[in-house]
Amino acid sequence: MQSEKQPASQSNVTKLAIEPRIFPRAEHIISRANISDNALKVLYRLKNAGYKAYVVGGGVRDLLLGREPKDFDVVTDARPEQVRELFRNCRLIGRRFLLAHVRFGREIVEVSTFRAPHEAEPNGDGRVVGGRIVRDNVYGGLDDDVWRRDFTVNALYYNIADFTVVDYVGGVADIKAGQLRLIGDPARRYAEDPVRMLRAIRFAVQLGFTIHPDTSAPIYELGYLLTEIPPSRLSDEVMKLFLNGFALQTFEQLRHYSLFGHLFPQTEGCLSEEEGRFPHMFLVHALKNTDARVAENKSVTPAFLFASLLWDPLRRLASEYRANGLNEFESIQLASDTVISRQVRRMAIPRIVTKITREIWALQLRFERSSGMRPLRLIRHPCLRAAYDFLLLRAEAGEGVGAPAKWWTAFLEADEAERGALLEELPGGRRERSRRRRRKVITDQ
Ligand code: ATP
Ligand code: MG
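Just so you know, the residues in each chain are numbered from 1, in the order the chain's sequence is written. Going through the entries in the order they are written, you letter the chains from A and number the ligands from 1. The model is predicted, so local features are restricted to residues of pLDDT at least 70 and side-chain atom pairs to those at 80 or more, both for listing and for counting; the totals for chains, interfaces and linings are taken over all residues. As a rule here, side-chain values cover all heavy atoms of the structure and leave hydrogens and water aside.

**Considerations on the overall build of the chain**
- Secondary structure elements follow DSSP: runs of H or I no shorter than four residues count as helices, runs of E no shorter than two count as strands, and numbering proceeds from the N terminus. Across its full length, the chain carries 23 helices and twelve strands.
- Taken over 445 residues, the chain has a buried fraction of 52%.
- Throughout, a residue-residue contact means that at least one pair of heavy atoms, one from each residue, lies within 4.5 Å. The contacts in the chain between residues at least 6 apart in sequence include a share of 67% that link residues at least 24 apart. The classification of residues rests on relative accessible area computed with a 1.4 Å probe and restricted to protein chains. Under 20% of the type maximum is buried, over 50% is exposed, and intermediate values are partly exposed.

See the structure below:
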């Protein structure tokens, strides 16, 4: 079977004559009824204009697995400018790849033109620098395009002209076997684009697939390549890894393959000298909670995720600052600055996100040190809910904040009269009340 010979990363300046396996409509389960109307519109308009048009990538993979695809990527022999001519609602985007985005309200159908692997045309508009792809705009046919894709299961093409599935790489067999396999020589494909290591983990976890031993073996040694990924791309991938509903398993796999430390070196530092039940317990709780929220269709925010992933480094650094004489609030503040600035060297985190992360951390101390009437002001804080959820997770993880967590739960659920009584329990509660009473007497006079 062709899948045994995968020429992508061999020297393939001369194209290898490999015949694809074609699965006719009767031999697969993909039905047009499961493809979005907008994607169908794009496919048919391309076809009717005389171009080839296929669904490729995750859309085909997920449909063959009987899952609902996240979106549909279309690939064609029309050049991006030709695609733009066919669709008014179309924008060309991308530098490394020039792609067309066809927009229908909130749905975007991404249309890319068949590309040849960068080696195929050394003088074309494709460039590899230091083993890495920096430009990839050499056009070709389907039989070129297939070899530059990452995993066999992502390299299947559904042809709108005859409803067949085109398989050059044994992707259908791998889908049946539940196996993730890189096309070509794995070490070389990772060197070309180290993000593929993260994608391997993401897809394996998300699909419940095993990673073929040849595909997984190099990962243990190549994690260091991740440090060369541009920070903005890395943070996009990290969001996909941790906000897809499988954060806990993903975290465990990333650690298993020694990749996690390249993404979150400060956290890895804490994990490797684990003390007592922390810090792992907290992170496990937080990631489980994130997964549960995704399962319930509740929002999960990057700020909360970063607050969780970086909580242990933050705690540790803040306690060092405390030991050096700073007060509790100053320690948290300064530690927040330091931990975040170290992390953003690795991956881009928008300022709006880091601002909320800091607030979540700062509010922990304010919850623990609640006194007087301050909780009344705190309940209007825009980050209160997130910070309170964070406090609950800390309590569950055994961080010794059971009492404030209980108090705040009661306080947030209470009506006004009950709140008054709860405030009295706090340090300074009564004193504050009598001070207010005195002030009132003065103003009434
Ligand atoms: P998802 O369900 O997450 O969208 P996907 O497989 O569709 O999964 P995309 O990132 O949308 O992933 O990419 C679409 C397709 O483009 C992939 O299926 C794969 O064929 C190709 N691709 C994406 N990223 C890479 C990469 N880094 N290297 C090689 N091929 C890639
Ligand atoms: Mg996709």
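**Structural notes on the sheet that holds strand 10 (residues 165-167)**
- Here, strands pair whenever DSSP counts at least two bridges between them. Taken in spatial order, the eight strands line up as 1-10-9-2-3-6-5-4 in an open sheet, and their pairing is mixed. Each having just a single partner strand, strand 1 (21-23) and strand 4 (90-93) make up the two edges of the open sheet. This sheet shows a mean twist of 30° between the axes of neighbouring strands, independent of strand direction.
- Across the sheet, helix 1 (residues 37-48) is in contact with strand 2 (53-56), strand 3 (73-76), strand 5 (99-104) and strand 6 (107-113); its angle to strand 6 comes to roughly 35°. Here the axes come from fitting lines to C-alpha atoms, over the contacting stretch only for helices, and the angles between their N-to-C directions go from 0 to 180 degrees.

**Considering the packing of helix 15 (residues 302-309) against helix 20 (residues 384-396)**
- At a closest axis distance of 11 Å, the pairing of helix 15 and helix 20 adopts a crossing angle of 35°. Along this stretch, helix 15 crosses helix 20, giving a crossing that reads as right-handed. Every residue of helix 20 that contacts helix 15 at Phe 304, Ala 307 and Ser 308 is listed here: Ala 386, Asp 389, Phe 390 and Leu 393. Here is the rule for handedness: rotate from the far helix to the near one, and if that takes an anticlockwise turn smaller than a right angle the crossing is left-handed, while a clockwise turn gives right-handed.

**A short note on a positive patch on the surface**
- Patches here are clusters of residues that have more than 30% relative accessible area and form no salt bridge, with a 9 Å joining cutoff for like charges and a 5 Å cutoff for nonpolar side chains (Val, Leu, Ile, Met, Phe, Trp, Tyr). Areas reported here follow the Shrake-Rupley algorithm with a probe of radius 1.4 Å; residue values treat only the protein chains shown as occluding. Only one rule defines a salt bridge in this text: a Lys or Arg side-chain nitrogen within 4 Å of an Asp or Glu carboxyl oxygen. For the purpose of counting charges, residues Lys and Arg are taken to be positive, whereas Asp and Glu are taken to be negative. His and the chain ends are not included. Charge placement uses NZ in Lys and CZ in Arg. For Asp and Glu, CG and CD serve respectively. On the surface, Arg 366, Arg 374, Arg 377 and Arg 380 cluster together into a positively charged patch.
- Positionally, Arg 380 belongs in the loop between helix 19 (374-378) and helix 20.

**Description of the layout of surface pockets**
- Looking at the largest pocket, its volume works out to about 2,000 Å³.
- Cavity means a closed set of points on a 1 Å grid over the protein atoms alone, one where a 1.4 Å probe fits but cannot get out, pocket means an open set with protein on both sides within 12 Å along at least 5 of 7 lines, and lining means a residue has an atom within 4 Å of a point. Together, 50 residues line the largest pocket, and Asp 73, Glu 110, Arg 199, Glu 237 and Lys 240 are the ones closest to its centre.
- For the lining of the largest pocket, the secondary structure elements donating two or more residues are helix 2 (58-64), strand 3, strand 5, strand 6, strand 8 (132-136), helix 6 (186-192), helix 7 (195-207) and helix 10 (231-242).
- Element by element, the count of residues in the lining of the largest pocket is highest for helix 7, at six residues.
- Asp, Glu, Lys and Arg are counted as charged, while Ala, Val, Leu, Ile, Met, Phe, Trp, Tyr, Cys and Pro are counted as nonpolar; the rest, among them Gly, fall into the polar class. In the lining of the largest pocket, the residues fall into 14 nonpolar, nine polar and 27 charged. Grid points are joined across faces, edges and corners, and a volume is the space filled by probe spheres set on the points.

**Overview of the pairing of strand 2**
- Side chains Ala 53 and Val 55 project from strand 2 onto one buried face, and the interleaved Tyr 54 and Val 56 project onto a second face that is buried too.
- In this structure, strand 2 lies alongside strand 3, joined through four bridges in antiparallel fashion. Across the sheet, the residue bridging to Tyr 54 is Val 75, located in strand 3.
- Pairing of strand 2 with strand 9 (residues 156-159), which is carried by three bridges, proceeds in the antiparallel orientation.

**As for helix 7**
- Taking 1.5 Å as the rise per residue, helix 7 with 13 residues should run 18 Å; its terminal C-alpha atoms sit 18 Å apart, in good agreement.
- Burial within helix 7 is extensive, with twelve of its 13 residues counted as buried.
- Where helix 7 ends, the next residue or the one after it, Gly 208, has phi of about 70°, a positive value. Multiplying 1.5 Å by the residue count of a helix minus one yields the expected span of that helix.

**Regarding the confidence of the model for the chain**
- Per-residue confidence from the prediction method is given by pLDDT, with values spanning 0 to 100. Per-residue pLDDT for the chain has a mean of 89; in total, 87% of the residues score no lower than 70.
- For the stretch residues 1-13, pLDDT sits under 50, and the model shows 37 contacts to residues farther than four places along the chain or on other chains.
- Every residue in residues 120-124 is under pLDDT 50, and counting partners more than four places away or in other chains gives four contacts.

**Regarding the site of ligand 1**
- We call a residue near a molecule or strand as soon as one heavy atom of that residue lies within 4 Å of the molecule or strand. Looking at ligand 1, there are 16 residues lining it, with Arg 61, Asn 154, Asp 193, Arg 196 and Arg 202 nearest.
- Polar contact criterion, stated in full: a pair of N or O atoms within 3.5 Å, where within protein one must be able to donate a hydrogen and the other to accept it, and residues adjacent in sequence count only if both atoms are side-chain atoms. Interatomic distance of 2.8 Å between a side-chain N/O atom of Arg 196 and a nitrogen atom of ligand 1.
- In isolation ligand 1 offers 590 Å² of accessible surface; the protein chains occlude 85% of this area.
- Of all the secondary-structure elements, those providing two or more residues to the shell around ligand 1 are helix 2 and helix 7.

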